[in-house]
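Residue strings, one per chain:
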Amino acid sequence: MRAAGAAIVCLVELVGSPARGDAPDAAAPDTAEADSSRPVDDRQGYVRVDGGFASAVGAVGVSFGYSPVDLFALEAGVGYGPTGVQVSLMPRLQMGDVSDRFVLGLGVSVGIDVGGEPSRDPIPWINGEFGYEHRWDFGLCLSVAAGYTHTLTGGDESVGVPLGRVGVGYWF
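Every value quoted in this text rests on a predicted model; they were computed, and no experiment measured them. (Residues numbered from 1 in each chain as written. Predicted model: local features only at pLDDT ≥ 70, side-chain atom pairs only at ≥ 80, totals over all residues. Heavy atoms only, no water.)

Chemist: I tried to follow the environment of Ala73 on my own but got confused; where do I start?
Modeler: Among the secondary structure elements, Ala73 is positioned in strand β3 (residues 72-81). Under the relative-accessibility criterion, Ala73 is labelled buried at 0%. The residues touching Ala73, leaving out its near neighbours within four places in the chain, are Tyr46, Tyr66, Ser67, Met90, Pro91, Arg92 and Gln94. (Helix = DSSP H or I, 4+ residues; strand = E, 2+ residues; numbered from the N terminus. Buried < 20%, exposed > 50% of the residue type's maximum accessible area, 1.4 Å probe, protein only. Contact = heavy atoms within 4.5 Å.)

Pasting the structure below:
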């Protein structure tokens, strides 16, 4: 058993170290350093943690987005709120410069009951929001948004409420 542990340690050291005679490449930057020095407008993906009231991802959630061009982003999220687990998809129009943007989004989400008594069907929502986002050069972002959300169910179950959220994320 002791020999197996020693073999694993030797293997890890061999794999993790440069080959004999090779000096570490001083010109190759550390991955984290290279990412932080990349211009903010070259970053197309982001992850953000959101908290709020009646937001597309509930009271607390995580959103993932992709922005192939400056003007547009597509965001997907998952979270939890009073209607259960929330899953969302929202296209966003982004207006402004690379550091400060106004954001307009219109999308759908669904609240999935996770064990409430009595159990209920999933609740589909339509969400509209207007917000602001600031991005720092090293990738960190802060966003705020307000808007309106309404169920897509008919009859007496149809409900509409204002929404608000604050998020902290990272563009990569």
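Continuing now.
Chemist: What exactly am I supposed to notice about unusual backbone geometry here?
Modeler: Note: most peptide bonds trans; most residues except glycine with negative phi. Non-glycine residue Ala54 carries a positive phi angle of around 60°. Here Ala54 lies in strand β1 (residues 45-55).

Chemist: Help me understand the side chain of Glu133, please; the structure alone is not making it clear to me.
Modeler: Tracing the backbone shows Glu133 in strand β6 (residues 123-135). Looking at Glu133, its side chain comes within polar contact range of the side chain of Trp171, at 3.5 Å. Non-local contacts of Glu133, meaning those with residues more than four positions away in its chain, are made with Ser99, Asp100, Arg101, Val103, Cys141, Leu142, Ser143 and Trp171. (Polar contact = N/O pair within 3.5 Å; in protein donor to acceptor, adjacent residues only side chain to side chain.)

Chemist: Help me understand the side chain of Thr149, please; the structure alone is not making it clear to me.
Modeler: Along the polypeptide, Thr149 turns up in strand β7 (residues 140-151). Separated by 3.2 Å, the side chain of Thr149 and the backbone oxygen of Ile126 make a polar contact. Filtering out sequence-adjacent residues up to four positions away, Thr149 remains in contact with Ala54, Trp125, Ile126, Asn127, Val159, Gly160, Val161 and Leu163.

Chemist: Sorry, what's going on with the pairing of strand β8 (residues 160-171) here?
Modeler: Regular strands place side chains that alternate from one sheet face to the opposite one. Bridging between β1 and β8 involves eight bridges; their strand directions are antiparallel. Its bridge partner being in β8, Val47 is matched across the sheet by Tyr170. Relative to β8, β7 runs antiparallel, the two being bridged by eleven bridges. For Gly147, the partnering residue across the bridge sits in β8 and is Leu163. (Pairing = 2+ DSSP bridges.)

Chemist: How should the pattern of salt bridges be read in this particular structure?
Modeler: When their charged atoms lie close together, side chains carrying opposite charge are able to pair. Evaluated as defined, the whole model comprises six salt bridges. Note that Glu75 and Arg92 form a salt bridge whose closest N and O atoms lie 3.0 Å from each other. Highlighted residues: Glu75 in strand β3 and Arg92 in strand β4 (residues 84-96), separated in sequence by 17 residues. Like Arg92, Glu75 is buried. Note that Glu129 is salt-bridged to Arg92, the shortest N-O span being 2.7 Å. A residue pair is termed long-range when its members are at least 10 positions apart, and Glu129 in strand β6 and Arg92 in strand β4 qualify at 37 residues. Arg92 sits in the buried class, given a relative accessible area of 5%. (Salt bridge = Lys/Arg side-chain N within 4 Å of Asp/Glu carboxyl O.)

Honestly, that's just the spatial picture; any functional story needs more than this.
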